[in-house]
Number of protein chains: 2
Amino acid sequence: MVKTDFSPIADTTRRAEIVALLRRAILTGQLEPGQKLNELRISEQMRVSRAPLREAMRELVQEGILTSIPYAGTFVIDVTAKDIDDAYSLNKVLDEFAIERTWPQRDLRFFDELDRRHEAVKQATRDLDTTRQIETALQLHGLIYEWADNSVLLETWQRLTSRLQMYFALHQQARKEAVPAEDVHETYVRLLKGTDCQAAQRHAREHIDLDFEELLAYARSLEQRPSKGA
Amino acid sequence: MVKTDFSPIADTTRRAEIVALLRRAILTGQLEPGQKLNELRISEQMRVSRAPLREAMRELVQEGILTSIPYAGTFVIDVTAKDIDDAYSLNKVLDEFAIERTWPQRDLRFFDELDRRHEAVKQATRDLDTTRQIETALQLHGLIYEWADNSVLLETWQRLTSRLQMYFALHQQARKEAVPAEDVHETYVRLLKGTDCQAAQRHAREHIDLDFEELLAYARSLEQRPSKGA
DNA sequence: TCTTGTTAGATTGTCGACAATCTGATTGTC
DNA sequence: GACAATCAGATTGTCGACAATCTAACAAGA
């Protein structure tokens, strides 16, 4: 008997596709923070009715990247320096925990996947595809969460990821030219393959630090300027 | 000039009320794990149309207490021993972090609120109102998250709380008579008022331990029995 | 008997229209 | 001119009906 592993078929509801479309638009920065989402306009553009669109928006509100005010509208979340700092500090704690849990579970498949994702980042870097670069870097980073064998932790990470991706995308948009250092993940991958768990945990912190420092500086610089409200 | 603090007015959409109703029904165990939510029936019972009900359900799916399968239905999540264990271990990590962050922020208002919530737990215990007992105990526990001044951490805790409340409610339903020890929170409150941060962190772990141990034992006993599927 | 095709019923997904609410401009009054 | 009342337009919230899909029961054939 041949045993084949089938993965679940794709969600074929309009709602699911709308969620994916909207999320992508937000996370890549096509929709700016604070921007209002006009239901009628978007539903016409997507050629769907407002019902599935509204349901999709409700999901993204709960996911934390949209915010809704009854009878006023649904908006892309505003990003403050504090939000980034909050996400950053929580991320550090979660990372430490994820590495601790993943550590004894590492095996060949883990290392393979680690290399695969690392390669994806390097490819995106070569292609100068900054959006994909952010995406793949977060996927590389997310591997420890997938292997930590803790569903609640994984969910938490996925929620956090949404925001991180949004933050970094905004950052990237701001300084269009510059491409990040060619291989900041080399050490991270090497340590995850090594034998010193604590060293890996320590590096994870510092590695994030580098990215976030710049991000925070950018966010703070934005908030220095007063908004254009007269 | 008199300065009055106004709290935001209540959400006056049906959707918000439906969310509250459904959440309460799930967290108190009125709706059992795995149970299917029939949209037509519920909408008729609540005297609302399916649109706001469906939007409300979408929110609860994202909140993690409902799960949805396209064209099949929306169900109350199933609770496994592993789920509880996952939530428990993550909770430990978050607690440690929350206490660390709250520690320097403690002031008179914090201590007042701590006493107030502690009192609420004791009151619910005297009233033998187990549902409210769980609710107030979690609110007492949530104080450190509200004072940690980290919005992402707070959101994460609130998501976790939903599940914890559900787990404990299920547990309570199983052993109807027994009321938990009269004041397991005395030490917790005292330590949070004290000067030894690490001692508080240590106790938070162990205190949770007690509750969870029993909970886990119960969940595991459930899974020992094979389900009634022939 | 097992498998496959069909069908009816129930349930979810989607749609278009109406009701409730907000916003901003306009008008009238002091 | 300043301020409150009114109104029109736009937008969100809700409704009832229709379309798409699933489930289970039944029939037909190997």
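Preceding block: the structure.
What comes next is a walk through the structure. (Residues numbered from 1 in each chain as written. Chains lettered and ligands numbered in written order. Predicted model: local features only at pLDDT ≥ 70, side-chain atom pairs only at ≥ 80, totals over all residues. Heavy atoms only, no water.)

## Remarks on the overall build of chain A
Okay, step 1: Across its full length, chain A holds 9 helices and 3 strands.
Okay, step 2: Across chain A, helices and strands are ordered from the amino to the carboxyl terminus as α-β-α-α-β-β-α-α-α-α-α-α.
Okay, step 3: Restricting the contact set of chain A to residue pairs at least 6 apart, pairs at least 24 apart contribute 74%.
Okay, step 4: Accessible surface, chain A as shown: approximately 12600 Å² in total, 50% of it carbon and sulfur. (Helix = DSSP H or I, 4+ residues; strand = E, 2+ residues; numbered from the N terminus. Contact = heavy atoms within 4.5 Å. Areas by Shrake-Rupley, 256 points an atom, 1.4 Å probe, with all protein chains shown as cover.)

## Quick notes on the protein's contact with DNA strand D
Okay, step 1: In the vicinity of DNA strand D there are 20 residues, among which Asn38(A), Arg50(A), Arg54(A), Arg14(B) and Ser49(B) approach most closely.
Okay, step 2: The protein-proximal atoms of DNA strand D, defined as those within 4 Å of the protein, are 75% sugar or phosphate.
Okay, step 3: Glu39(A) is positioned with one of its backbone polar atoms (N or O) 3.4 Å from a phosphate oxygen of DNA strand D.
Okay, step 4: Within the contact set of DNA strand D, a base nitrogen lies 2.8 Å away from a side-chain nitrogen or oxygen of Arg50(A).
Okay, step 5: Mapped onto the surface near DNA strand D, the elements with two or more residues apiece are strand E1 (36–37) and helix H3 (50–63) of chain A together with helix H1 (14–27) and helix H3 (50–63) of chain B.
Okay, step 6: In terms of residue class, the surface near DNA strand D is built from 8 nonpolar, 4 polar and 8 charged. (Near = heavy atom within 4 Å. Polar contact = N/O pair within 3.5 Å; in protein donor to acceptor, adjacent residues only side chain to side chain. Nonpolar A, V, L, I, M, F, W, Y, C, P; charged D, E, K, R; others polar.)

## Quick notes on the interface of chain A and chain B
It is common to give the size of an interface as the accessible area lost on bringing the parts into contact.
Okay, step 1: Listed per partner, the contact involves 32 residues of chain A and 32 residues of chain B.
Okay, step 2: Interface area, chain A with chain B, both sides summed: about 3000 Å², of which 54% is carbon and sulfur.
Okay, step 3: Along the contact surface separating chain A from chain B lie 10 salt bridges.
Okay, step 4: The partner of Glu155(A) in a salt bridge is Arg163(B), with the nearest N and O atoms 2.6 Å apart. (Buried area = accessible area lost by both parts, 1.4 Å probe. Salt bridge = Lys/Arg side-chain N within 4 Å of Asp/Glu carboxyl O.)

## What about the sheet that holds E1(A)?
Either a parallel or an antiparallel arrangement is found when strands of a sheet pair, and the pairing is made through backbone hydrogen bonds.
Residues and elements named next belong to chain A.
Okay, step 1: Taken in spatial order, the 3 strands make up an open sheet running E1-E3-E2, and their pairing is antiparallel. Each of the sheet's edge strands pairs with one partner strand only, and the pair in question is E1 and strand E2 (66–69).
Okay, step 2: Note: E1 against strand E3 (residues 73–76), 2 bridges, orientation antiparallel. Across the sheet, the residue bridging to Lys36 is Phe75, located in E3. (Pairing = 2+ DSSP bridges.)

## Overview of the protein's contact with DNA strand C
Okay, step 1: Taken together, 20 residues lie around DNA strand C, and Arg14(A), Ser49(A), Asn38(B), Arg50(B) and Arg54(B) are the ones closest in.
Okay, step 2: Across the atoms of DNA strand C situated within 4 Å of the protein, the share located in sugar and phosphate is 75%.
Okay, step 3: Within the backbone of Glu39(B), an N or O atom sits 3.4 Å from a phosphate oxygen of DNA strand C.
Okay, step 4: Within the contact set of DNA strand C, a base nitrogen lies 2.8 Å away from a side-chain nitrogen or oxygen of Arg50(B).
Okay, step 5: Mapped by element, the contributors of at least two residues to the surface near DNA strand C are helix H1 (14–27) and H3 of chain A together with strand E1 (36–37) and H3 of chain B.
Okay, step 6: Its residues assigned to classes, the surface near DNA strand C shows 8 nonpolar, 4 polar and 8 charged.

## Details of H1(A)
Residues and elements named next belong to chain A.
Okay, step 1: With 14 residues, H1 extends 20 Å between its outermost C-alpha atoms, agreeing within 8% with the 20 Å of an ideal straight helix rising 1.5 Å per residue.
Okay, step 2: Where H1 is concerned, the buried positions are Arg15, Ile18, Val19, Leu22, Ala25, Ile26 and Leu27.
Okay, step 3: Of the residues one or two after H1, Gly29 is the one with positive phi, at around 90°. (Expected span 1.5 Å × (residues − 1). Buried < 20%, exposed > 50% of the residue type's maximum accessible area, 1.4 Å probe, protein only.)

## Considerations on the packing of aromatic side chains
Okay, step 1: Under the definition given, this model contains 6 aromatic pairs over all chains.
Okay, step 2: Both rings, one in Phe110(A) and one in Trp147(A), keep their centres 5.4 Å apart while their planes meet at 75°; by these two values the pair is edge-to-face. Of this pair, Phe110(A) sits in helix H5 (residues 108–126) while Trp147(A) sits in helix H6 (residues 130–147); the two residues are 37 residues apart in sequence, bridging distant segments of the chain. Neither Phe110(A) nor Trp147(A) differs from the other in exposure class; each is buried.
Okay, step 3: Plain terms: the ring middles of Phe110(B) and Phe111(B) are 5.7 Å apart, the flat faces sit at 70° to each other, and that makes the pair edge-to-face. (Phe/Tyr/Trp six-rings, centres within 6.5 Å; stacked < 30°, edge-to-face > 60°.)

## A few points about the pattern of salt bridges
Okay, step 1: One pass over the full model with this rule turns up 40 salt bridges over all chains.
Okay, step 2: Measuring nitrogen to oxygen at the nearest pair gives 2.8 Å for the salt bridge that ties Asp86(B) to Lys82(B). Of the two residues, Asp86(B) and Lys82(B) both sit in helix H4 (residues 81–102), 4 residues apart, roughly one turn of that helix.
Okay, step 3: The class of Asp86(B) is buried, set by a relative accessible area of 4%.
Okay, step 4: Here the salt bridges do not stand alone but share partners, grouping Arg15(A), Glu55(A), Glu59(A), Glu39(B), Arg50(B), Arg54(B) and Arg58(B) into one network.

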